[in-house]
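A look at the structure
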Amino acid sequence: MEKAALDLYSLRRSFMDGEVLICFNGPFSHSIIEEIGIAVKRYLETETASRSAVSDVFAVFVELAQNVQSYTGRLKERKDEPGADAGTLAIGRRGDSYAVSAGNMMDHSDVVGLSERLETLRNMDKPGLKALYKETLRGPRLPDGGAGLGLIDVARRASQPLSWSFREIDDRYRFFSLSVII
Amino acid sequence: MKGAPFMNDLIIPGSVSSPTVRLDAARGTMELSGESYPQNAFDFFAPIIDWARQFLRESPSPLTLELRVSYLNTSSTKCVIDLLDLLEGAHKIGRRVQVVWYCDPENERAREAAEEFREDVTLPFEIRMEGPGQ
């Protein structure tokens, strides 16, 4: 069956309505993360955002993008779900703040652990997050090569509680989406 | 006093996501500058930490870590903590080791990050406010 041509105008409207500045959808590689990172920084610097705001948006972008890259990299061997190797990332405005959002397909068996972790972080205040960050810094490295610090760092830089969702796709997969306001 | 001529210098050119590294055995300096969010921070930092360990083992000379790193992702932060722990251990047995951390004065977040590293050690640790390129 022939597909309808891409409706660029409605795509553009979605971006504009959502105040999206930069969006990427597809497989995340390290060089793509570098390229988007350069664009993010240039854009924010021309917007005369403060150096601290640029730092926070950039840092949250890097941690979320590297999480997506690492997780989707592990899903890649599975051919049962089209798009499992692709991540979606958007950076946008929210009034005077910025929002960094990232999403990817997730095996349903990973949902409970991740949501408990996010719930814990959401209920912690800044001093509590700092203490947890420092404790985790001294802890062992995780089997996936990460340090388990990424989400804590993101929560520390957020100006509002983290928000997330898991959308049911089929028996096996959920679409995980996390949004961070800075 | 001469440094450690038996040790090699380690030079790693920088990239968009990894700092320029200059480890100079004769001067006893470890310089890192740039941004750090490499594909695999543990692989990137392993030779740097090994170099410091070898220097402390084989040379009696002082060792200075100079950082001009405007951004460290969390994996790189963990690696820098490992490096600081190594230097702290040397400091505690009487070695002359120090850290000088250069920060962009306009980036409050970078200064806070440097201060957080300093909270965890007792070795001489100076934070200098200097703009980029100075």
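Structure: above.
Once a new chain begins, its residue numbering starts again from 1 and follows that chain's sequence as written. The naming scheme follows written order: chains are lettered A onward, ligands numbered 1 onward. It should be noted that, the model being predicted, local features are given only for residues of pLDDT at least 70 and side-chain atom pairs only at 80 or more, the latter also being counted only at that level, while totals for whole chains, interfaces and linings use all residues.

**Structural notes on the overall build of chain A**
Helix and strand counts for chain A come out as six helices and five strands. Ordered by position from the N terminus, the helices and strands of chain A form the series α-β-α-α-β-β-α-α-α-β-β. C-alpha atoms define the radius of gyration, and 2.2 Å times the number of residues to the power 0.38 defines the globule rule. The globule rule puts the C-alpha radius of gyration for 182 residues at 16 Å, and the 17 Å found for chain A is close to it. Principal-axis analysis of the C-alpha atoms gives chain A an extent of 55 × 45 × 30 Å. Whether a residue is buried, exposed or partly exposed is read from the other C-beta atoms within 10 Å of its own C-beta, which are placed from the backbone; 20 or more gives buried, 12 or fewer gives exposed, and intermediate counts give partly exposed. Going through the 182 residues of chain A one by one, you find that 29% of them count as buried. Each residue is represented by a C-beta atom placed from its backbone, and any two residues with such atoms within 7 Å are regarded as in contact. Taking the contacts inside chain A whose residues are at least 6 apart along the sequence as the reference set, 61% of them involve residues at least 24 apart. Strands are runs of DSSP state E lasting at least two residues, helices are runs of H or I lasting at least four, and both sets are numbered from the N terminus onward.

**Side note on the sheet that holds strand β5 (residues 173-181) of chain A**
Two strands in a sheet stick together by hydrogen bonds in their backbones, pointing the same way (parallel) or opposite ways (antiparallel). Residue and element names in this part refer to chain A. One open sheet holds the five strands; their spatial order is β1-β2-β3-β5-β4, and the pairing between them is antiparallel. In this open sheet, the two edge strands, each paired with only one partner strand, are β1 (20-27) and β4 (163-168). In this sheet, neighbouring strand axes are inclined to one another by 15 degrees on average, regardless of whether the strands run parallel or antiparallel. Criterion used throughout: strands pair if DSSP finds at least two bridges between them. Bridge count between strand β3 (residues 97-107) and β5: nine bridges; the pairing is antiparallel. Within β5, the position partnered with serine 101 by the bridge is serine 179. Throughout, an axis means a line fitted to C-alpha atoms (over the contacting stretch in the case of helices), and angles, computed between N-to-C directions, take values from 0 to 180 degrees.

**Regarding the sheet that holds strand β2 (residues 20-24) of chain B**
Residues and elements named next belong to chain B. One open sheet holds the six strands; their spatial order is β1-β2-β3-β4-β5-β6, and the pairing between them is mixed. The strands lining the two open edges of the sheet, one partner per strand, are β1 (10-12) and β6 (125-129). Averaged over all neighbouring strand pairs, the angle between strand axes comes to 15 degrees, with direction disregarded. When strand β4 (residues 63-72) meets strand β5 (residues 97-103), the two strands line up parallel, connected through five bridges. Opposite glutamate 66, over in β5, you have valine 100 as the bridge partner. Its contacts with the sheet put helix α1 (residues 41-58) on β1, β2, β3 (29-36) and β4, and the angle it makes with β2 is roughly 15 degrees. Where helix α3 (residues 108-119) meets the sheet, its contacts fall on β4, β5 and β6, and the angle it forms with β6 comes to roughly 170 degrees.

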